[in-house]
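What follows is each chain in one-letter form.
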Amino acid sequence: MTRPTSRDVASAAGVSQATVSLVLGGKWRGRVSERTAGLVREAAAELGYRPNLAARNLRLGSTRTALLVVPALTSEFFARVYTGAARVASEHGFGVVLYPSPEGIGPARDPFPSARAALDGVIASSMAADALDAIGGAELPLVMLDSDPADGRAAARVNLAMADGVRQVAEHLLGLGHRRFLHFAADVDSWTFDVRAEALAALLPPHAELRTVRAPLSVPDARTAMEAALAAPGERPTAVVCDDDLLAAGACKAARRLGLRVPEDLSVTGFDDLALATAVEPELTTVRLPAEQVGEQGMSALLAVLDGSGWTAPDIPVDLVVRGSTAPPPAAARR
């Protein structure tokens, strides 16, 4: 049996080959009706037609490949970002190549002799922005994830409503009666963490106390840093606001080692809502970040840029998930 062609699909659907190309290439909106697009897809499915991507790419000078630059493959958050990006990419005949920085953040070796020849565009996390210099694809369309709107490198960007997430945390803890706060900050030079620090400082009232401790994004490093912070002279904080669930897990371990109870003696909040958030005891109160949606919008933005239609979208909403790691402060701290 010979392989079906686009001409066969066009004949079965009663349309032109040009219409088949528009529909199966994902460029039919505004040019072809919904009904006609449906007929083309039905005909292609019935015939078992698959576009010859190699021939089309050669003809169009396109590889239909996007690069996703992330800090590390071991991050659950960025694994979910990839899942979302790959889902949208597959619907449009694109592939997504992952490019992790081996050190977690910062520069990495360039995997391509020529980024321009191998890729159609780049989607990059602000946490791995330095790795862009190694790729050598300055002329490629770039979509930035969770990045500074003032950064002029990107053709489009997809941001989460990080400051609003911090607002939800602050209002929750203030409503419980907390007044002594410790911001457990990620020791990472990145816009996304700068936004969280600025938002928390701006949201707390004048009578609240706030100090900051930094740690790398790992549970052991977080535990060590928090043990030192909680054992330091002076009044102990009653609430620890963490930039990440990994930091929050380390904070809970540190509290336990010092004989403190979470949440009776110390409330702890996280950010991300990783699987870890419900694996610890008590389960973490944390801000849920819809990582797959970030990936989906990142790929959609890149497709829009490649199509010349541009991309704008509001920040993706985030939600506070209240669990067992927060409670009113000890009675003595409320006096």
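Quick summary incoming for the structure in this document.

Cut-off values and rules
- Residues numbered from 1 in each chain as written.
- Predicted model: local features only at pLDDT ≥ 70, side-chain atom pairs only at ≥ 80, totals over all residues.
- Heavy atoms only, no water.
- Pairing = 2+ DSSP bridges.
- Helix = DSSP H or I, 4+ residues; strand = E, 2+ residues; numbered from the N terminus.
- Axes fitted to C-alpha atoms, helices over the stretch in contact; angles between N-to-C directions.
- Contact = heavy atoms within 4.5 Å.
- Buried < 20%, exposed > 50% of the residue type's maximum accessible area, 1.4 Å probe, protein only.
- Right-handed = clockwise from strand over helix to strand, strands pointing away.
- Phe/Tyr/Trp six-rings, centres within 6.5 Å; stacked < 30°, edge-to-face > 60°.
- Lys NZ or Arg CZ within 6 Å of the ring centre and 35° of its normal.
- Arc of directions from axis to C-beta.

### Brief notes about the sheet that holds strand β8 (residues 239-242)
The strand order β7-β6-β8-β9-β10-β11 describes an open sheet built from six strands, whose pairing is mixed. Whereas interior strands pair on both sides, the edge strands pair on one side only; in this sheet they are β7 (209-215) and β11 (319-321). For this sheet the average axis-to-axis angle between neighbouring strands, irrespective of direction, equals 20°. Sitting on the sheet, helix α8 (residues 162-176) touches β6 (180-186), β8, β9 (267-272), β10 (285-288) and β11, and the angle it makes with β9 is about 165°. Here helix α11 (residues 245-257) sits on the sheet and contacts β6, β7, β8, β9 and β10; the angle it forms with β9, its principal contact strand, is near 155°.

### Some details on unusual backbone geometry
Here the residue pair Val262 and Pro263 is connected by a cis peptide bond, since its omega of 10° sits within 30 degrees of zero. On the secondary structure map, Pro263 appears in the loop between α11 and β9. For Asp272, which is not a glycine, the phi torsion comes out positive at approximately 130°. A relative accessible area of 7% places Asp272 in the buried class.

### Quick word on the pairing of β9
For a regular strand, side chains alternate in direction, first toward one face of the sheet and then toward the other. When you tally the buried positions in β9, you get six out of six residues, the bulk of the element. Handedness of the crossover joining β8 and β9 through α11: right-handed. With four bridges joining them, β9 and β10 adopt parallel strand pairing. The residue bridging Gly270 from the neighbouring strand is Thr286, located in β10.

### Brief notes about the packing of aromatic side chains
What the rule picks out here adds up to one aromatic pair. When the ring of Phe77 is compared with that of Phe78, the centres are 5.1 Å apart and the planes differ by 90°; the resulting orientation is edge-to-face. An identical accessibility class is assigned to Phe77 and Phe78; each is buried. Above the ring of Phe271, the side-chain terminus of Arg196 is found at 4.6 Å from the ring centroid.

### Some thoughts on helix α1 (residues 6-13)
Ser6, Val9, Ala10 and Ala13 are the residues of α1 that are buried. Seen end-on, α1 carries its buried residues on one side only, within an arc spanning 100°. Residues Arg7, Ser11 and Ala12 are exposed on α1 and point more than 90 degrees away from its buried face. Where α1 terminates, the next one or two residues include Gly14, which has phi positive at roughly 70°.

### With respect to the environment of Ala79
Within the fold, Ala79 resides in helix α5 (residues 76-91). According to the relative accessible area criterion, Ala79 is partly exposed, its value standing at 38%. Spatially, the C-alpha atoms of Ala79 and Gly295 are 9.5 Å apart, while their sequence positions differ by 216 residues.

### Notes on the environment of Ala215
Among the secondary structure elements, Ala215 is positioned in strand β7. When sequence neighbours within four positions are dropped, the list of residues in contact with Ala215 reads Phe184, Ala185, Ala186, Asp187, Asp221, Ala222, Ala225 and Leu247.

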